[in-house]
Amino acid sequence: MDLVPFIYFEKQQQDNLCAQHALNVLLQGNYFTAVDLAEIGQNLDKQEQLVGGRKSGSESQNYDDSGYFSIQVLQKALEIWNLELVPWRSKEMDEARKTPTQQTAYICNLRNHWFTLRKFSETYRWYNLDSTQPAPTYLGEDYLALMLHQIECEGYSIFAVNGALPQSEGDRKAKAFLKPQGEGKVEGKPLPDVIPFSGQGYSLASSSSLATEQPAEDEETVLARAIQASMESNKPSVKDDMDEIRRRRLARFGGQ
């Protein structure tokens, strides 16, 4: 039986609230509004001012009027749920990278776009919950690893979600349903060939290192690079690149 009707999903409208959508589909409920996240961003700005990290009145790097929110805002929001975002390429994730399906979820970011990959109870119940898609897309076990590799090639920063997610209706239904027969397919279609994205994108590592196993770095170094990458979001020149990246990725991973 199809699990999609039991998955909470938010579809992006004429806004840039993908960070909000990524958090809510991760938690499987309408837990955060743009106002909630903006308040977190304002508090982070105040803390940065107190420690001399930014001048009073300067432009915030944590949020803006377009709906953009930084990785720091997402991390702070998830602290309420005792959840932590850990850079996928950090040393802490050395063992976890050998078995990516054993993780709970991933939040992925490239400039101003955020989306969530989430598991529902079973290791074969992985779904792409990208808000730019019309609906959740089933990935399965093998295809999850392919997609993680693909989006890294496109320049995405990947964060593993550490901690126990709240049980959702989708999690409960997933335990009762049989394993999908479409393993290795998306919406009944054979898996497309996965080829590296040929456009330009901000990457946390060089393109040559993505072709082989990337050396692990300490978490602070990887996180600092991810923060810098997410701060690139306000540059107007990235829009065409982002549209092209989304078009290519959605074409390969079940989007319309």
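Residues numbered from 1 in each chain as written. Predicted model: local features only at pLDDT ≥ 70, side-chain atom pairs only at ≥ 80, totals over all residues. Heavy atoms only, no water.

Let's shift gears to the packing of helix H2 (residues 34-50) against helix H3 (residues 71-79). Interhelical geometry of H2 versus H3 gives an angle of 110° and a closest axis separation of 9 Å. Here H2 is positioned roughly perpendicular relative to H3, judged by the angle of their axes. Contacts from Leu 37, Ile 40, Gly 41 and Leu 44 of H2 reach H3 at Gln 72, Val 73, Lys 76 and Ala 77. Grouping the amino acids of the contact of H2 with H3 by side-chain chemistry returns 5 nonpolar, 2 polar and 1 charged. (Axes fitted to C-alpha atoms, helices over the stretch in contact; angles between N-to-C directions. Helix = DSSP H or I, 4+ residues; strand = E, 2+ residues; numbered from the N terminus. Parallel < 35°, antiparallel > 145°, perpendicular 65-115°, else oblique. Contact = heavy atoms within 4.5 Å. Nonpolar A, V, L, I, M, F, W, Y, C, P; charged D, E, K, R; others polar.)

Right, let's get into the pattern of salt bridges. Applying the stated criterion across every chain, the model contains 6 salt bridges. Put simply, Glu 152 and Arg 89 hold a salt bridge, and the shortest N to O gap is 2.9 Å. Residue Glu 152 is found in helix H4 (residues 140-153), and its partner Arg 89 is found in the loop between strand S1 (84-87) and strand S2 (105-110); the two are separated by 63 residues along the sequence. The burial state of Glu 152 is the same as that of Arg 89; both residues are buried. (Salt bridge = Lys/Arg side-chain N within 4 Å of Asp/Glu carboxyl O. Buried < 20%, exposed > 50% of the residue type's maximum accessible area, 1.4 Å probe, protein only.)

This paragraph deals with the pairing of strand S6 (residues 157-162). Most of S6 sits out of view: 5 of its 6 residues are buried. Here S1 pairs with S6 via 4 bridges, running antiparallel. Looking at S6, one finds that Val 86 is bridged to Ala 160. (Pairing = 2+ DSSP bridges.)

Any aromatic ring pair is given by two values, namely how distant the centres are and how the planes are angled relative to each other. If you walk through the whole model with that rule in mind, you get 7 aromatic pairs. Between Trp 88 and Tyr 106, the ring centres sit 5.0 Å apart and the planes meet at 80°, which makes this aromatic pair edge-to-face. A residue pair is termed long-range when its members are at least 10 positions apart, and Trp 88 in the loop between S1 and S2 and Tyr 106 in strand S2 qualify at 18 residues. Of the two residues examined, Trp 88 and Tyr 106, each falls in the buried class. Between Arg 118 and the ring centre of Phe 120, over which it is positioned, the NZ or CZ distance is 4.5 Å. (Phe/Tyr/Trp six-rings, centres within 6.5 Å; stacked < 30°, edge-to-face > 60°. Lys NZ or Arg CZ within 6 Å of the ring centre and 35° of its normal.)

Moving on: H2. Along its 17 residues, H2 runs 25 Å from first to last C-alpha, staying within 8% of the 24 Å computed at 1.5 Å per residue. Within H2 the residues assigned to the buried category are Leu 37, Ala 38, Ile 40, Gly 41, Leu 44 and Asp 45. Across the axial projection of H2, the buried residues extend over an arc of 155°, all falling on one side. More than 90 degrees from the buried face of H2, the exposed residues found are Val 35, Lys 46 and Leu 50. (Expected span 1.5 Å × (residues − 1). Arc of directions from axis to C-beta.)

Right, let's get into the sheet that holds S6. Reading across the sheet, the 6 strands line up as S1-S6-S2-S3-S4-S5 and stay open at both edges, with antiparallel pairing between neighbours. Looking along the sheet, the strands with just one partner apiece sit at the ends: S1 and strand S5 (137-138). Those strands touched by helix H1 (residues 18-27) are S2, strand S3 (113-119) and S6, and its axis lies near 10° from that of S3.

Attention now goes to the UniProt feature "active site" (unreviewed entry) in the chain. Here the UniProt-annotated "active site" (unreviewed entry) positions come out as Cys 18, His 113 and Asp 130. Across 113 residues in sequence, these annotated residues keep their C-alpha atoms within 9.6 Å of one another, forming a single compact spot. Residue class for Cys 18 comes out buried when judged on its relative accessible area of 2%. When you line up the elements, His 113 lands in strand S3. Judged by its relative accessible area of 0%, His 113 is buried. (UniProt positions renumbered as here; feature names shortened; annotations may be inferred.)

Count 3.6 residues to each turn of an α-helix, and residues three or four apart come out pointing the same way. Over its 14 residues, H4 extends 20 Å from the first C-alpha to the last, a length consistent with the 20 Å expected when each residue adds 1.5 Å. In the segment just after H4, Gly 155 is the residue with positive phi, at about 100°.

Bringing the packing of H1 against H3 into the picture now. Axis separation between H1 and H3 bottoms out at 11 Å; the angle between their running directions is 30°. Put simply, H1 runs roughly parallel to H3. Two packed elements cross with a definite hand, and for H1 against H3 that hand is right-handed. Between H1, through Ala 19, Leu 23, Leu 26 and Leu 27, and H3, the contact on the second element is made entirely by Leu 74, Ala 77 and Leu 78. (Left-handed = near helix turned anticlockwise from the far one by under 90°.)

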